[in-house]
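The lines below spell out each chain.
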Amino acid sequence: MDINKLRHSLAHILAHAIQELYPEIKFGIGPAIENGFYYDFEFPKSQNPKPEDLPKIEKKMKEIIRQNIAFKKKLISKTDAKKIFKNQPYKLELIEELKGKKISTYQSGKINQGSQFIDLCQGPHLKSSKEIDLNSFKLTKIAGAYWKGLEKNKMLTRIYGVAFETKKELSDYLKTQQEAEKRDHRLLGQKLELFLSDEEVGAGLPIWQPKGTILRKNIQDYLYRELISQGYEWIISPHIGKLNLWKTSGHWNLYRENMYSPIKIEEEEYMIKPMNCPFHVKVLQSKVRSYKDMPVKYAEFGTVYRYERSGTLHGLTRVRGFTQDDAHIWCTSEQTKQEVTKLLKNGLKILKTFGFKDFEIYLSTRPEKYAGNLAGWQKATNILKQVLQELKLKWQVDPGGGVFYGPKIDIKIKDSLGRLWQCTTIQVDFNLPERFNITYIDQKGKKQQSIMVHRALLGSLERFIGVLIEHYAGAFPFWLSPVQARVIPVGKKHEKYAKKIGEELALAGFRIEVKTENETLSKKIRTGEVEKIPYLLIVGDKELKAKTVSLRKRGKGDIGQIKQSQLCQKFLKELKN
RNA sequence: GCCGAUGUAGUUCAGUGGUAGAACGCCAUCUUGGUAAGAUGGAGGCCGAGAGUUCGAUUCUCUCCAUCGGCUCCA
């Protein structure tokens, strides 16, 4: 069975049920979507359904399905269609827009015989509702949605459902959803004391707690070393800059809606930075550059602030202040392809070290609001396309998804539950070099304009860590864990030995805690497991006598004793995995 | 920003037009433990903020703030 046919047919049946329950209803559209379907409606005032009404609607749908109604395609003229849908303003709008003389409609149920429903529709549909398993679908939520997805349009009421061929697939899906909820980084972030958000501080402004800060630093330290080995130099730039800087860069013209209002300092206006690029350009321009210097690569953990509308904020994955692992590469136009190729390769390598294995790659083209000339856009887009083709990567186009100054390649990473997150972005820019007159001296002693590549591999530390938390369900690999091991003495008399072990490991650079609280062993172990610490080191009489520790691995239980003298080595080995 | 829901202890939640309760967590004492919750006791709340209705509001109304699910937008 074609699952989309099933889902789309269920959308019709939903509309059919709504028609029966709310005769005054105005219909929007109702397509099949990933995992299910939805249908948009305009309910008469004060009749908007509440979540409590979903079971009632679902029941009605089942009644209709049991009638074994057939879906019949019918081609009719525009004039006839307008008559049939004369009370349906949204449908009339769609009819107006349709090209061709004949309009495709689908009818379910028999005209003049019991319940029936007719909709403007391309199809295809199931033959009959007989094919639907009554227990394989479920209405899930009610939400507002703009007509045609345009903000200036009226907001309709959307009812979502999930649907599968079999009851088992539905329950598997619901289980996965539950698992995803358990992994929610907002929940785990609080439980594991990684970060917090505070009403008084403001929306979208997370505060990093000690453990989250360690996690963040681990990531930064790794990138710091890695990028130096790849020829980058690290810089630091201020958080605000004069308005004029942003006028030169083009942000004031094309990115203003994402920026916060100017701050006045001694009659001069300053902007909080939404991007780091202009500052990086300044560092580049502090010297005359030769072709021999190219490419020049500057990296920064640059904290930026962007105005995000309140409704779009979400945990760490969508915030108003965030730190990009930002970098800019200036190169000759001949070097561009090679540099983008390196970036893409290294980007994927770095993502893999964080445990991500599956990716989706997008080529985002020129948006509506853009700077620069079309020829430049074409050239830059072609370079990106060539790189993708030569690396034999699977990719797709995101039309109009580019940034105002150039096209980009985005990598969405797939987490352990198969959900996609946009992190990596590589953007080719020929526009800022023009605006800032960024040049280098070529072999003949002449000035040449350079190409500028913007890139963030993790995207932002906030979003990346949010995704990382969900990917690992909070159980981070050894090298990332805020606390790598906790030493647990069985009784008071073992505390001295426990502290000694802790000190030795800490001296070797490991992040170790020693738990001396007055609790039972079981309780201390439980706490350690709940906190998702990779190793618990238990020491009691046995261990004290034999100069060993009992190792307990997260999620695996007791894995036996190890000589105290071999602990460091064991952990060093663990770091390399 | 828009549509809808929610806001009570550190956390998860009960509850009421007459100024509050549970569980877990936290702290203390007892217990001196062998691989996922030992016992007892205690501290913690301007019931998100402001205004209104009322003799009286945590409870009803309005506004704001924040959170959640979507739409739209994005690293």
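What counts, and where the lines are drawn
Note on numbering: residues in each chain are counted from 1, in written sequence order. Ligands are numbered from 1 and chains lettered from A, in the order in which they are written. Two thresholds apply to this predicted model, a pLDDT of at least 70 for residue-level local features and 80 or more for giving and counting side-chain atom pairs, whereas whole-chain, interface and lining totals are computed over all residues. The side-chain figures draw on all heavy atoms in the structure; neither hydrogens nor water molecules are used. DSSP-based pairing: two strands are paired if at least 2 bridges between them are found. Under the scheme used here, helices are H or I runs from DSSP no shorter than 4 residues and strands are E runs no shorter than 2 residues, and both carry numbers assigned from the N terminus. The rule is short: rings of Phe, Tyr and Trp, with Trp giving its six-membered ring, pair when the centres are within 6.5 Å, and they are stacked under 30 degrees, edge-to-face over 60, tilted in between. Classification of residues uses two cut-offs on accessible area relative to the type maximum, computed with a 1.4 Å probe and protein chains only: under 20% is buried, over 50% is exposed, and between them is partly exposed. Note on geometry: a ring has a charge over it if NZ (lysine) or CZ (arginine) is within 6 Å of the ring centre and within 35 degrees of the ring normal. Multiplying 1.5 Å by the helix residue count minus one yields the expected span of that helix. In what follows, residue pairs with any heavy atoms lying within 4.5 Å of each other are defined as contacts. Here an angle of 0 to 180 degrees is reported between the N-to-C directions of two axes, which are lines fitted to C-alpha atoms, with helices fitted over the stretch in contact. Annotation comment: domain bounds sourced from an automatic or database domain assignment. Here's the idea: put two parts together, see how much 1.4 Å probe accessible area each one loses, and the total over both is what we call buried area. Polar contact is defined as a pair of N or O atoms within 3.5 Å, subject to the rule that within protein one atom must be able to donate a hydrogen and the other to accept it, and that residues adjacent in sequence are counted only when both atoms are side-chain atoms. In this classification, the charged set is Asp, Glu, Lys and Arg, the nonpolar set is Ala, Val, Leu, Ile, Met, Phe, Trp, Tyr, Cys and Pro, and all remaining amino acids, among them Gly, are polar. Should a side-chain nitrogen of Lys or Arg be within 4 Å of a carboxyl oxygen of Asp or Glu, the pair is scored as a salt bridge.

A.B. asks: What am I meant to see in the sheet that holds strand β18 (residues 395–398) here?
C.D. replies: Sheet strands pair via backbone hydrogen bonds, and the direction of the pair is either parallel or antiparallel. An order of β11-β15-β16-β23-β20-β19-β17-β18 is seen for the 8 strands of this open sheet, with the pairing classed as mixed. Each of the sheet's edge strands pairs with one partner strand only, and the pair in question is β11 (233–234) and β18. Where strand β15 (residues 296–305) and strand β16 (residues 321–331) come together, 10 bridges link them in antiparallel fashion. Bridged to Phe301 within β16 is Asp325.

A.B. asks: Help me understand the packing of aromatic side chains, please; the structure alone is not making it clear to me.
C.D. replies: Two aromatic rings, taken as a pair, are described by how far apart their centres are and by the angle between their planes. Considering all chains together, one arrives at 30 aromatic pairs under this definition. Aromatic pair Tyr222 and Phe354: ring centres 5.5 Å apart, planes at 80°, arrangement edge-to-face. A residue pair is termed long-range when its members are at least 10 positions apart, and Tyr222 in helix α7 (residues 210–229) and Phe354 in the loop between α11 (336–353) and β17 (358–364) qualify at 132 residues. There is no split in this pair, since Tyr222 and Phe354 are both buried. Among the aromatic residues, those joined into a ring-pair cluster are Tyr22, Phe27, Tyr39, Phe41, Phe43 and Phe117. For the cation-ring pair, Arg158 lies above Tyr38, with the distance from its terminal atom to the ring centre recorded as 3.7 Å. It is Arg256 that lies over the ring of Trp252; its NZ or CZ is 4.0 Å from the centre.

A.B. asks: Would you take a moment to explain helix α2 (residues 54–66) for this structure?
C.D. replies: Residues lying three or four places apart along an α-helix face the same way, a consequence of the helix completing one turn every 3.6 residues. Over its 13 residues, α2 runs 18 Å from end to end, which matches the ideal 18 Å to within 8%, given 1.5 Å per residue. Restricting attention to buried positions, one finds in α2 the residues Leu54, Ile57, Glu58, Lys60, Met61, Lys62, Ile64 and Ile65. Its buried side turned inward, α2 meets α1 (3–21), β3 (36–42), β7 (137–146) and β8 (155–163).

A.B. asks: Mind showing me how you'd approach the sheet that holds strand β28 (residues 557–563) here?
C.D. replies: Taking strand neighbours across the sheet as the criterion, the 5 strands line up as β25-β24-β26-β27-β28 in an open arrangement whose pairing is mixed. Where the open sheet ends on each side, the last strands, each with one partner, are β25 (512–514) and β28. Each strand of the sheet is rotated relative to its neighbour by a mean of 25°, with strand direction disregarded. Here strand β27 (residues 548–553) runs beside β28; their pairing, made up of 5 bridges, is antiparallel. The residue bridging Arg552 from the neighbouring strand is Asp558, located in β28. Against the sheet, helix α15 (residues 495–507) contacts β24 (485–489), β25, β26 (535–539) and β27, and its axis sits at roughly 170° relative to β25. Together, β24, β25, β26, β27 and β28 form the strand contacts of helix α18 (residues 567–576), whose direction differs from that of β26 by roughly 170°.

A.B. asks: Help me understand the domain arrangement of chain A, please; the structure alone is not making it clear to me.
C.D. replies: Accessible area lost during the coming together of the parts is what is often quoted as the interface size. Domain boundaries assigned for chain A yield domain 1 (3–182), domain 2 (192–239 + 274–472) and domain 3 (485–576). The distance between the C-alpha centroids of domain 2 and domain 3 comes to 40 Å. Contacts between domain 2 and domain 3 engage 4 residues on the former and 5 residues on the latter. In total, domain 2 and domain 3 occlude about 300 Å² of area from one another, counting both sides; carbon and sulfur atoms represent 52% of this. Three residues stand out in domain 2 for area buried against domain 3, namely Leu192, Lys211 and Asn218, and they jointly supply 81% of the buried area on that side. The interface formed by domain 2 and domain 3 includes 1 residue pair in polar contact (both at pLDDT 80 or more). Considered class by class, the residues forming the side of domain 2 that touches domain 3 number 2 nonpolar, 1 polar and 1 charged.

A.B. asks: Whenever I open this one, the pattern of salt bridges confuses me. Can you help?
C.D. replies: Oppositely charged side chains can form a pair if their charged atoms are brought close together. Tallied over the full model, the rule gives 30 salt bridges. The salt bridge partner of Asp40 is Arg158, with a shortest N-O separation of 2.7 Å. Of this pair, Asp40 sits in strand β3 while Arg158 sits in strand β8, placing them 118 residues apart in sequence. For Asp40, a relative accessible area of 2% gives the class buried. By sharing partners, the salt bridges in this structure join Glu20, Lys60 and Glu63 into a single network.

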